[in-house]
Protein chains: 4
Amino acid sequence: MARIRLGMVGGGRDAFIGGVHRIAARIDDRFELVAGAFSSTPEKARASAADLGVAQDRAYGDFKEMAKREARLKTGIEAVAVVTPNHMHYPVAREFLKRGIHVICDKPLTSTLADAKKLAKAADSSNALFVLTHNYTGYPMVRQAREMIANGDLGTIRLVQVEYAQDWLSEKLEDTGQKQAGWRTDPARSGAGGSTGDIGTHAFNLASFVTGLKLDSLCADLDAFVEGRELDDNGHVLMRYEGGAKGMLWCSQVAPGNENALRLRVYGSEGGLEWAQEDPNYLWHTRLGEPKRLLTRGGAGAGSAAARATRIPAGHPEGYLEGFATIYSEAARAIEARREDTPVPGDVVFPDIKDGVAGVAFVTACVDSSRRGGAWVRLERYAG
Amino acid sequence: MARIRLGMVGGGRDAFIGGVHRIAARIDDRFELVAGAFSSTPEKARASAADLGVAQDRAYGDFKEMAKREARLKTGIEAVAVVTPNHMHYPVAREFLKRGIHVICDKPLTSTLADAKKLAKAADSSNALFVLTHNYTGYPMVRQAREMIANGDLGTIRLVQVEYAQDWLSEKLEDTGQKQAGWRTDPARSGAGGSTGDIGTHAFNLASFVTGLKLDSLCADLDAFVEGRELDDNGHVLMRYEGGAKGMLWCSQVAPGNENALRLRVYGSEGGLEWAQEDPNYLWHTRLGEPKRLLTRGGAGAGSAAARATRIPAGHPEGYLEGFATIYSEAARAIEARREDTPVPGDVVFPDIKDGVAGVAFVTACVDSSRRGGAWVRLERYAG
Amino acid sequence: MARIRLGMVGGGRDAFIGGVHRIAARIDDRFELVAGAFSSTPEKARASAADLGVAQDRAYGDFKEMAKREARLKTGIEAVAVVTPNHMHYPVAREFLKRGIHVICDKPLTSTLADAKKLAKAADSSNALFVLTHNYTGYPMVRQAREMIANGDLGTIRLVQVEYAQDWLSEKLEDTGQKQAGWRTDPARSGAGGSTGDIGTHAFNLASFVTGLKLDSLCADLDAFVEGRELDDNGHVLMRYEGGAKGMLWCSQVAPGNENALRLRVYGSEGGLEWAQEDPNYLWHTRLGEPKRLLTRGGAGAGSAAARATRIPAGHPEGYLEGFATIYSEAARAIEARREDTPVPGDVVFPDIKDGVAGVAFVTACVDSSRRGGAWVRLERYAG
Amino acid sequence: MARIRLGMVGGGRDAFIGGVHRIAARIDDRFELVAGAFSSTPEKARASAADLGVAQDRAYGDFKEMAKREARLKTGIEAVAVVTPNHMHYPVAREFLKRGIHVICDKPLTSTLADAKKLAKAADSSNALFVLTHNYTGYPMVRQAREMIANGDLGTIRLVQVEYAQDWLSEKLEDTGQKQAGWRTDPARSGAGGSTGDIGTHAFNLASFVTGLKLDSLCADLDAFVEGRELDDNGHVLMRYEGGAKGMLWCSQVAPGNENALRLRVYGSEGGLEWAQEDPNYLWHTRLGEPKRLLTRGGAGAGSAAARATRIPAGHPEGYLEGFATIYSEAARAIEARREDTPVPGDVVFPDIKDGVAGVAFVTACVDSSRRGGAWVRLERYAG
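Residues numbered from 1 in each chain as written. Chains lettered and ligands numbered in written order. Predicted model: local features only at pLDDT ≥ 70, side-chain atom pairs only at ≥ 80, totals over all residues. Heavy atoms only, no water.

Peer 1: Describe the interface of chain D and chain A, with residues and values.
Peer 2: Listed by partner, the interface residues are ten residues for chain D and ten residues for chain A. Among the residues of chain D in contact with chain A, Pro291, Leu294 and Ala300 of chain D are the three that bury the most area, contributing 57% of the side total. At the boundary of chain D and chain A, one finds zero salt bridges. If you look at where chain D meets chain A, you find two residue pairs in polar contact (both at pLDDT 80 or more). If one sorts the elements of the side of chain D that touches chain A by residue count, strand S13 (residues 292–296) of chain D sits on top with four residues. Here the residues of the side of chain D that touches chain A are counted per class, giving five nonpolar, two polar and three charged. (Contact = heavy atoms within 4.5 Å. Buried area = accessible area lost by both parts, 1.4 Å probe. Salt bridge = Lys/Arg side-chain N within 4 Å of Asp/Glu carboxyl O. Polar contact = N/O pair within 3.5 Å; in protein donor to acceptor, adjacent residues only side chain to side chain. Helix = DSSP H or I, 4+ residues; strand = E, 2+ residues; numbered from the N terminus. Nonpolar A, V, L, I, M, F, W, Y, C, P; charged D, E, K, R; others polar.)

Peer 1: How would you sum up the sheet that holds strand S4 (residues 102–105) of chain C? Please name residues and give values.
Peer 2: Residues and elements named next belong to chain C. In space, the five strands of this open sheet follow the order S2-S1-S3-S4-S5, with parallel pairing throughout. Looking along the sheet, the strands with just one partner apiece sit at the ends: strand S2 (31–37) and strand S5 (130–132). The average angle at which neighbouring strand axes cross in this sheet is 25°, direction not considered. Running at roughly 175° to strand S1 (residues 4–9), helix H1 (residues 17–27) makes contact with S1, S2 and strand S3 (79–82) of the sheet. Most of the contacts of helix H11 (residues 320–339) go to S1, to which it runs at about 125°, and overall it touches S1, S2, S3, S4 and S5. (Pairing = 2+ DSSP bridges. Axes fitted to C-alpha atoms, helices over the stretch in contact; angles between N-to-C directions.)

Peer 1: Quick rundown of the pattern of salt bridges? Include the residues and the values.
Peer 2: Evaluated as defined, the whole model comprises 135 salt bridges over all chains. Across the pair Arg5 of chain D and Glu78 of chain D runs a salt bridge, and its minimum N-O distance is 3.7 Å. Here Arg5 of chain D, found in strand S1 (residues 4–9), pairs with Glu78 of chain D, found in the loop between helix H3 (63–72) and strand S3 (79–82); they are 73 residues apart in sequence, far enough to count as distant. Owing to a relative accessible area of 14%, Glu78 of chain D belongs among the buried residues under this scheme. Put simply, Lys118 of chain D and Asp115 of chain D hold a salt bridge, and the shortest N to O gap is 3.7 Å. Of this pair, Lys118 of chain D and Asp115 of chain D both sit in helix H5 (residues 113–125), separated by three residues, roughly a single helical turn. If you follow the salt bridges from partner to partner, you end up with Asp28, Arg297, Arg311 and Glu318 of chain A in one network. (Buried < 20%, exposed > 50% of the residue type's maximum accessible area, 1.4 Å probe, protein only.)

Peer 1: Give a detailed account of the relation of the copies chain D and chain A, specifying residues and quantitative values.
Peer 2: Taken as rigid bodies, chain D and chain A are interconverted by a rotation of 180° and an axial shift of 0.0 Å, the fit giving an RMSD of 0.0 Å. The transformation just described matches what one would write down for a two-fold rotation axis. Looking at the rotation axis and the C-alpha trace of chain D, the residue lying nearest is Arg293 of chain D, at 2.2 Å. (Least-squares fit on C-alpha atoms with pLDDT ≥ 70 in both.)

Peer 1: Report on the packing of aromatic side chains, specifying residues and quantitative values.
Peer 2: Two aromatic rings are characterised by how far apart their centres lie and by the angle between their planes. Applying the stated criterion across every chain yields a total of 38 aromatic pairs over all chains. Between the aromatic rings of Tyr267 of chain C and Trp250 of chain D, the centroid separation amounts to 5.8 Å while the plane-to-plane angle is 25°, which identifies the pairing as stacked. On the criterion of chain membership, the pair formed by Tyr267 of chain C in strand S10 (residues 261–268) and Trp250 of chain D in strand S9 (residues 246–252) is interchain, its members lying in two chains. Residue Tyr267 of chain C is classed as buried on the basis of its relative accessible area, which comes to 0%. Judged by relative accessible area, which is 1%, Trp250 of chain D ranks as buried. Centre to centre, the rings of Tyr320 of chain D and Phe324 of chain D are 5.9 Å apart; their planes meet at 55°, and the pair counts as tilted. Separated by four residues within a single helix, Tyr320 of chain D and Phe324 of chain D lie in helix H11 (residues 320–339), roughly one turn from each other. The class of Tyr320 of chain D is buried, set by a relative accessible area of 3%. An aromatic cluster is defined as three or more aromatic residues linked by ring pairs; in this entry it consists of Phe31, Tyr136, Tyr139, Tyr164, Trp275, Tyr320, Phe324 and Tyr328 of chain A. (Phe/Tyr/Trp six-rings, centres within 6.5 Å; stacked < 30°, edge-to-face > 60°.)

Peer 1: Report on the interface of chain B and chain A, specifying residues and quantitative values.
Peer 2: Across the contact, 42 residues belong to chain B and 42 residues belong to chain A. For the pairing of chain B and chain A, the buried interface totals around 3,400 Å² over both sides, and the portion due to carbon and sulfur atoms is 58%. Between chain B and chain A we count eight salt bridges in total. Here Asp221 of chain B makes a salt bridge to Arg240 of chain A, at a shortest N to O gap of 3.1 Å. Taken together, the elements giving at least two residues each to the side of chain B that touches chain A come down to strand S6 (157–165), strand S7 (215–223), strand S8 (234–241), strand S9 (246–252), strand S10 (261–268) and strand S11 (271–276) of chain B.

Peer 1: I'd like a description of the relation of the copies chain B and chain A, backed by residues and values.
Peer 2: Superposing the two chain copies requires a rotation about an axis and a translation along that axis. Of the transformation placing chain B onto chain A, the axial shift is 0.0 Å and the rotation is 180°, giving an RMSD of 0.0 Å. Counting the interface residues of chain B, we find that 100% of their copies in chain A are interface residues as well, pointing to one common contact surface.

Peer 1: Talk me through the sheet that holds S1 of chain D; I want residue IDs and the actual numbers.
Peer 2: Residues and elements named next belong to chain D. Pairing is parallel in the open sheet, where five strands are placed in the order S2-S1-S3-S4-S5. Two strands lie at the open edges of the sheet, namely strand S2 (31–37) and strand S5 (130–132), each paired on one side alone. When the angles between neighbouring strand axes are averaged without regard to direction, this sheet yields 25°. Across the sheet, helix H1 (residues 17–27) touches S1, S2 and S3, and the angle it forms with S1 is around 175°. Lying on the sheet, helix H4 (residues 89–97) is in contact with S1, S3, strand S4 (102–105) and S5; it crosses S4 at an angle near 160°.

The following block contains the structure:
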């Protein structure tokens, strides 16, 4: 089937996540990058386009212009990747959604809960798809964990221990001009959550994706340990899920020795699972009363959900980019289904607009709870 | 120097921790077990004494009788190990303290905060020593961590992530007649905390021992996941330390795949440390901006505090019993100092009565917080 | 710069390594697959071309026809990936080399030493490049290890411990019709070495690449443990390098619990390095007398050689496909240099025809040694 | 039962292994140290006795005197621990054996094969027991591995990969006056093997103990990498077992980053096992075609052989000293059986004089093979 024509907003020179999206889109060869508003500075936008092999006449300095023109082109883009700082997700995505162009948007959904809800409306009223790149859900062993829990392998879920620790903001990196640190610690561009928004949402999303549990309430204690920092760089959160499971979530960007340490542990009445993003090809599984088993991507014991997200045999490690590519490939399958006017296959499970709203609600609830001294807050107040 | 004459209360046949204390007392050859009230059933007490090579005339069926008679003997015991269920720690310890016999007592200090405070008074007014066997503080790499933090190697401490997870109570083991499960889930013998009292106190103590931080307040969410269980089998706790450091503590006895997974991670402005009890000869250290280093017991980079607790070279693993033995050997050094009427050496750092009261206060505060829906409570209310 | 026009011989439906080459060629976006002889059955060749988005008029059923026609096309392929079973590497590569088309060839170079030497002549007399995909050399931490040893960080190298263990041939899989097992255990298609040729060459190459050492002599004990198997499925090899370093190499396809366990350890007078392919983002480094350090891809301590092979930040694991892609991207840089008639950059270090001959000489020497009862043999007899 | 009266030859101040034997003898409380010739210098011998609480009238400056006198005493020693350098094992052990005193002797058995055979004769003609402290056989998970292999859990054994790597002799430590390095690198005191005798024998013994295989022939390449060193500091050995299994053994004392890295991997037609001494509470087990399982000491899946060597529950790590203690406790059980004139229990499996002779034969064969350029030699030539 012909490759999907993809555009991109953001992701010019110096950006990090734009490049990741482009590789992810290429790995399984289902997309072709043909247009972009890679920067709001026209010259930079054109230079980035040249770097990326995108034709100059489809290099835009303005995302609105891009949306309008691409929508009119006969072979205009079918989907757009939105890889700007958070505060731009809403205005950008809206322009494409309203023209029926599918949106593949980076996380968190938006910088405010109000924007999130408006974007949800825009997505609901569009017939385009909305894909949120909580990329960690694309790892094969994350899919394996989700399948096992859905199958009841752990019995009733009691405990969710999730954490996402980094150390790159242990000092005031934002004062050095480092671009990533700049916008991620800036309330105007990131929203009210710092580490909670940047990585806490990933952790929250991962736990929800794997367990299928819905959060009822939380109690959060957020800190900005680095003096003068405006947004939290550490978050401690207790969680109560509907149905009685309990959880702890820790996110931190000031934990020296942690590069990108997203870890999930889930315990139920009949077993436990443990997974760590930095060693993603492994999943520890314990059936209560039996020895621990080390399940591997592609190895004995890996089921069909993992297999669908697996490219190469066990022992040949797949990594972050492949996990990300799985989100893109599922987006492609959904888009192809739309092309053909057929239903999206049931095994396409990428995070979507609802997950995005839930994530922003989570961050907002954390910030509120912490401002109120660590009071318990109900999620229904936010996610509505 | 002559071995210290040791007695024991509790620890008869079927008990677990009594045997551990006895091995720990033997490893460094500074104690000699010469008397005991190993059981409250006289025949059992005598049978246990015979098993253990203790003379029948020093096998007691009653701890009070033992305290009285040993105090009068010319070569009566100099110290007693108290290894009963929690609720008996206070009455037993008191009898020996008031006769000037040193007490080496298992944790938690007592089953109630009232008892803890009474015992503290008894200890304060006795000239005997009181040693609390928070044995995990005896591991060489725990000593190493403590020394490094005291030396400022981590800068200002920001974060304490501590957890103690087990799985042996994932089902209702107490209904099967298993003795350990029986008393540990019984409020009358354990006190108001289940997992919090049994293992949460260890985690709390370890974090305090290593960091030197004092807890200001906490917020706890405790659960008894196993139906019909009277005491918590899982605890989620947020912690605020004096001075601004924050922490999370998780204790659980219902986490399948965790045997005895006590883990401590501490992060400061200049570095991080990570230690796991099940692999106790390793300590991960990261200086901010440098690669992680794996410090080993006896290896390059291990300092004098670890060296004092080390028996054999690096790569020859020491374990739980040796860590426990270090507490006994420090007790011996303190007792020998008393014999000689010299000050206890400054490098003797075993947990004592104050740590015991702090531990019971911690458990009590957790239970209170949880009963009040997870409200924040100040520790000063409890530890007084 | 315009993408390099790539063709492929082999790699049709059911093949494994062809798909890997294609992803590897896409990841860094420097190649475009435009032609192929994916199968020797014309219909299959066309079907595979259709699967892969290759135009039907450039789907060949015969590699000679492909070589001839592509060489005449104005925008014919600039490079060809040869991903057939081993015995076809020589005849296929020769056709393209003699027409000046660059060859990217899978390992081992050929199925016989005679073929290897003929191919070396063909490569030497062509002005096309020859790239051998010993892909494990493309891992960033392998590059890091090589750079550190070249810098003298380990002092004089004394020991090379390398192993490559798998378990997928523990039973007689070739009797089940499994295609991969079929040709890999067939002397006619694989050559005289089984596990030695399939994975032992990788191990040998990796050790040579990282240390820069040249093998002087070896003693090998090869076995076919599975009854009726014609080629070795296990090899034990002692190695003596020029200059006095010694080594051990173990390759096995009958070691249950090993998926793709290629591991290299190198020890010198001043330090040691340890790397494992299944956890490729880590490199353990010990300076004699200091604690072990865990170097990570993209992390503190990683140098410029690793950086050149790195796409995304530390903690975001890269895997097998990215390591493979690094070989392709270096091939692209070399090909681009040829386009521009400039020298190939000095930091392009992909394995080439000489490494290929050395690898086949290694396998041949192992087989000879083993046949002679495990006698020591000199490599100069083979590599000439 | 009354404790066994134990004497010791060697093990005075500055010695390492003597202290280990004493702790090992104490842990399970079945021995009482009552006599010793701790040094050949009478004052040192007396000083060491005083340190150790041994009465001065049983502190000997001469082992012959000790043997004679203790044999005449009514409550003389029942067993003696021989912890001298290797060359003294034979003369010392002989004196005690011929007086019917049980011998617990450190490894390797002797410094020469001739001595080993003479000692074997002495042991055979004595009615005393001879216990060789290949202590690594005392680890619970080593016992587990042995039991599983004996039960056929691995099918037919094909491969034995064993290694013992250290780094403490990477420089010429023997020139600094360090006592351990001094005698271990001295042919007069150690014998013809350096690393092969000191640690290679442990590795060889461990593999034999666990698999039950008998070595047929070997090919060894030994080196003294440190200039001026008289004995090998590295050994590479290929092994052929009776019945067709093959093995590799690596021993090294010049591998930076290895503290005491004894590792054993065994692979059979139906499964594999992997164990590492530095993490001794774990045993990896793979059944062919199933996920890896992590068996733990005391955990689910551990059988009766491990249970007999286990003191405390899973997750409470036992270490080197406990493994060593298991050898002592088995010696005690055997000695107690002799006291009672009953057969030694069948589950007592400590290494004995035959294992000792096999170990010295192994070292001698390695040295011979290496001197002959790495020729294959048959073990029957040595072990006779």
